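Geometric and topological summary
Chain by chain, the residues run as shown.
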Amino acid sequence: LAVVNNSTFVTVPENQTSKSGLKIYPNPCSGDLAVSSQTDIQKIQVYDISGSVLLEKCENQKKNVTLDLLSIPAGIYLISVTTSERSQTKLFIKN
């Protein structure tokens, strides 16, 4: 998080990877967002900053999923990914 000239900027690494092998990219995105995991993805949810669910996708036995986010306006969002081992939430930016 950085503050420059009374404006707040959120910076997120382009390829966010956690110890569990979850990766979301590109970040920021402009249309499609790729989700990659070392374990099978079961469910993906995209939330706006107020906590409203904008997108929910259930998967079966997939380790790579591409989300079409063209209909979502520019902003800061949370993505929750449930795999066969755990659930994780990450932040991403839509241009």
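Look up a bit, the structure's there.
What counts as what
Residues numbered from 1 in each chain as written. Predicted model: local features only at pLDDT ≥ 70, side-chain atom pairs only at ≥ 80, totals over all residues. Heavy atoms only, no water. Helix = DSSP H or I, 4+ residues; strand = E, 2+ residues; numbered from the N terminus. Buried < 20%, exposed > 50% of the residue type's maximum accessible area, 1.4 Å probe, protein only. Areas by Shrake-Rupley, 256 points an atom, 1.4 Å probe, with all protein chains shown as cover. Phe/Tyr/Trp six-rings, centres within 6.5 Å; stacked < 30°, edge-to-face > 60°. Lys NZ or Arg CZ within 6 Å of the ring centre and 35° of its normal. Core = buried A, V, L, I, M, F, W, Y, C linked by side-chain atoms within 4.5 Å.

With that out of the way, let us pick up the overall build of the chain. Across its full length, the chain carries zero helices and eight strands. Traced from its N-terminal end to its C-terminal end, the chain shows the element sequence β-β-β-β-β-β-β-β. Burial statistics for the chain: of 95 residues in total, 40% are counted as buried. Only carbon and sulfur atoms are counted for the fraction: they give 47% of the accessible area of the chain, which is about 5700 Å².

We now examine unusual backbone geometry. Of note, the amide linkage connecting tyrosine 25 to proline 26 takes the cis form, showing an omega dihedral of -10°. As for its placement among the helices and strands, proline 26 is situated in the loop between β4 (23-25) and β5 (32-48). That bond from asparagine 27 to proline 28 is cis: its omega, 10°, falls within 30 degrees of zero. Relative to the helices and strands, proline 28 resides in the loop between β4 and β5.

With the rule as written, the count across this model stands at one aromatic pair. Above the face of the tyrosine 25 ring, lysine 23 is positioned so that its terminal group lies 5.2 Å from the ring centre.

Right, let's talk about the nonpolar core for a bit. Judged by nonpolar contacts, the single largest core of 16 residues is most densely connected at Val35, Ile44, Leu67, Ile79 and Phe92. Listed by contribution, the elements that provide at least two residues to this core are β5, β6 (53-68) and β7 (75-83). Of all the elements, β5 adds the most residues to this core, at five residues.

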